[in-house]
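One-letter residues, chain by chain:
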Amino acid sequence: MSEGLEPGDDGTSSAGDAHESGPGTDEHGPGDPARPGAGGVGSAGDGGPGDPVAPVDPAGNSPHGTDSHHSPRIPLPRASVEDTGRPLPVLEEPVPSAPLVLEHRVLKALLGAWALAACSAEETAAVEDHLGVCGACADEALRLRGAVGLLQRPESLDLDPGLRTRVLDGCLDRRPPRIPMPEWATPYDAETARLDALLQDFGDAEWHAPVRLRWFDADEATSRRTTVAGVIAHLLSVDGLVAVALGLEDPMGEVPADAPTPAGRTEAYWRASHFPPTRSVRTPWREQSHDLVRTVSFTGGTSGKLEVAYGDFVLPLHDAMLDRAFECWVHAEDIAEAVDYPYEPPSPRHLNRMIDLAARVLPAVLAERRQKGLASPTHGRHLVSAGGPGRTLRLEIEGLGGGEWLIPLDSPAAVGSAEHEVAHVALDGVEFCQLAAGHVPPAEAAAGQLGDREAIRDVLFAAASLSRM
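Residues numbered from 1 in each chain as written. Predicted model: local features only at pLDDT ≥ 70, side-chain atom pairs only at ≥ 80, totals over all residues. Heavy atoms only, no water.

Before going further, it helps to spend a moment on helix H10 (residues 282-298). Every α-helix carries 3.6 residues per turn, so stepping three or four residues along brings you back to the same face. With 17 residues, H10 extends 24 Å between its outermost C-alpha atoms, agreeing within 8% with the 24 Å of an ideal straight helix rising 1.5 Å per residue. When H10 is considered as a whole, its buried residues turn out to be Trp-285, Arg-286, Gln-288, Ser-289, Leu-292, Val-293, Thr-295, Val-296 and Ser-297. Here the buried face of H10 lies against helix H6 (186-199), helix H8 (228-245) and helix H11 (317-338). (Helix = DSSP H or I, 4+ residues; strand = E, 2+ residues; numbered from the N terminus. Expected span 1.5 Å × (residues − 1). Buried < 20%, exposed > 50% of the residue type's maximum accessible area, 1.4 Å probe, protein only. Contact = heavy atoms within 4.5 Å.)

Here it is, written out as structure tokens:
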């Protein structure tokens, strides 16, 4: 049916439709543009410019004396089909397709795609119906679905760890600070800020969530149970070693420690608390971290060579700040694991510095372990002179913070040399840090190994022995 002749919803022709010829009308309709002066564009009565629409008399009389049976020039609104009482049109529903009938071998082959949610709707329905009757496939599907969950770690809602560093670098490039922070203090500043952001929304349940601190002692895995608040108290008491070296107030106060070691100070702080540590420990820890960064900044970086005593060993201040950044990250992951929240590693630049610190102290740790009988002897090899090349292990770190380090094996005073390389170990950057934190057993470290197996074992166990409470 052509446009303009379509019946209205009430069965009559709509306004503007053609009218039948009758008395007083010619063969042309009242709106036919072929009739002179009748409804042409711009003519009188068409509602065009200069010709207002004629009003309609309420009594039905035409203002121009025309018959009242003529349709009005203004179209009336169309009525909705819901208002006419007529039934709505019946929608044609799609005919459901017949379920797929597949052989057992085909359904078993689809389990991998089903676990990855890569099947079509029909294939998914066929596989799931089959899992209800086949125990072997159900077990395989459960195993595959669990493996898929390991392919991608849960994403953190936090910002990229490197974003803060990039923003600060951009701001400082545009407006250099009057009192710049030493470069070796930036990892500590970044990691304490990240941990503080994790803690800010914790409720009482999260602060008292159980946490197990893990490390290696005499090549044996050791652990200590505490809470989230107890971990922050541990960081507060050990960071106090750096505070004391800088002349700041010791957070231990008058509490005597059994030993001036990180473990001794922590145990004394926990015992001195009348009640288990709560959220109140966050404020003194955060204030102390700010004071440490502020103090090393005001010294102009000249305090980097200042020594920080850990009881049984000493570190220069710039290495001690890296050590505190590393421990802050490791314990932040312990806390995040306790509250089931994902936590990202440090930025690659900061992670590289932490790995570099561990690689630099490995030769001294190897020599100490050899004196205690925990590492293999030199087998009649003469110790090299200070500064001379000796047997070397190449430590290759892949991924974040990657790089290569040549580790001298026979003397901390020796120099690593590629010409004297006897072994090669490759590890992921985060995996190596987990090993150095005592969270991964040396025998289970995912390492590519080549060369002297005894030297490789010594280095892996020496890396694990870097861990402590």
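Having put the structure on the table, let's press on.
Before going further, it helps to examine the layout of surface pockets. By volume, the second largest pocket is sized at about 1200 Å³. Phe-313, Ser-465, Leu-466, Ser-467 and Arg-468 are the residues nearest the centre of the second largest pocket, which is lined by 40 residues in total. Take the lining of the second largest pocket: its biggest share by element is 9 residues, from helix H12 (residues 348-371). Each residue belonging to the lining of the second largest pocket can be placed in one class, and the counts come to 26 nonpolar, 4 polar and 10 charged. (1 Å grid on protein atoms, 1.4 Å probe; cavity = no way out; pocket = protein on both sides within 12 Å on 5 of 7 lines; lining within 4 Å. Points joined across faces, edges and corners; volume = space filled by probe spheres on them. Nonpolar A, V, L, I, M, F, W, Y, C, P; charged D, E, K, R; others polar.)

Right, let's talk about the side chain of Ser-411 for a bit. By the secondary structure assignment, Ser-411 is in the loop between strand E6 (403-408) and strand E7 (415-428). Take Ser-411: its relative accessible area is 10%, and that puts it in the buried class. Among the polar contacts listed, one links the side chain of Ser-411 to the backbone nitrogen of Ala-413, at a separation of 3.2 Å. (Polar contact = N/O pair within 3.5 Å; in protein donor to acceptor, adjacent residues only side chain to side chain.)

So, on to the packing of H12 against helix H13 (residues 429-436). For the pair H12 and H13, the least separation of the axes is 11 Å and the interaxial angle reads 45°. The orientation of H12 relative to H13 falls into the category oblique. As H12 packs across H13, the resulting crossing turns out to be left-handed. Of the residues in H13, those touching H12 at Leu-351, Ile-355 and Ala-358 are Gly-429, Val-430, Phe-432 and Cys-433. Class assignment for the residues of the contact of H12 with H13 results in 6 nonpolar, 1 polar and no charged. (Axes fitted to C-alpha atoms, helices over the stretch in contact; angles between N-to-C directions. Parallel < 35°, antiparallel > 145°, perpendicular 65-115°, else oblique. Left-handed = near helix turned anticlockwise from the far one by under 90°.)

With that out of the way, let us pick up helix H14 (residues 453-464). For H14, built from 12 residues, the straight-helix expectation of 16 Å at 1.5 Å per residue is met to within 8% by its first-to-last C-alpha distance of 17 Å. For H14, the full list of buried residues reads Ala-455, Ile-456, Asp-458, Val-459, Leu-460, Phe-461, Ala-462, Ala-463 and Ala-464. Contacts from the buried residues of H14 go to strand E1 (210-217), H12, strand E5 (389-398), E7, H13 and strand E8 (448-451). Where H14 begins, one side-chain oxygen reaches toward the backbone nitrogen of Glu-454, 3.0 Å away; that side chain belongs to Asp-452.

Attention now moves to unusual backbone geometry. Despite not being glycine, Ala-117 shows a phi value in the positive range, around 60°. Mapping Ala-117 onto the fold places it in the loop between helix H2 (111-115) and helix H3 (121-131). Backbone geometry at Asp-219 places phi at a positive 65°, although glycine is not the residue there. The residue Asp-219 is located in the loop between E1 and strand E2 (220-227) in this model.

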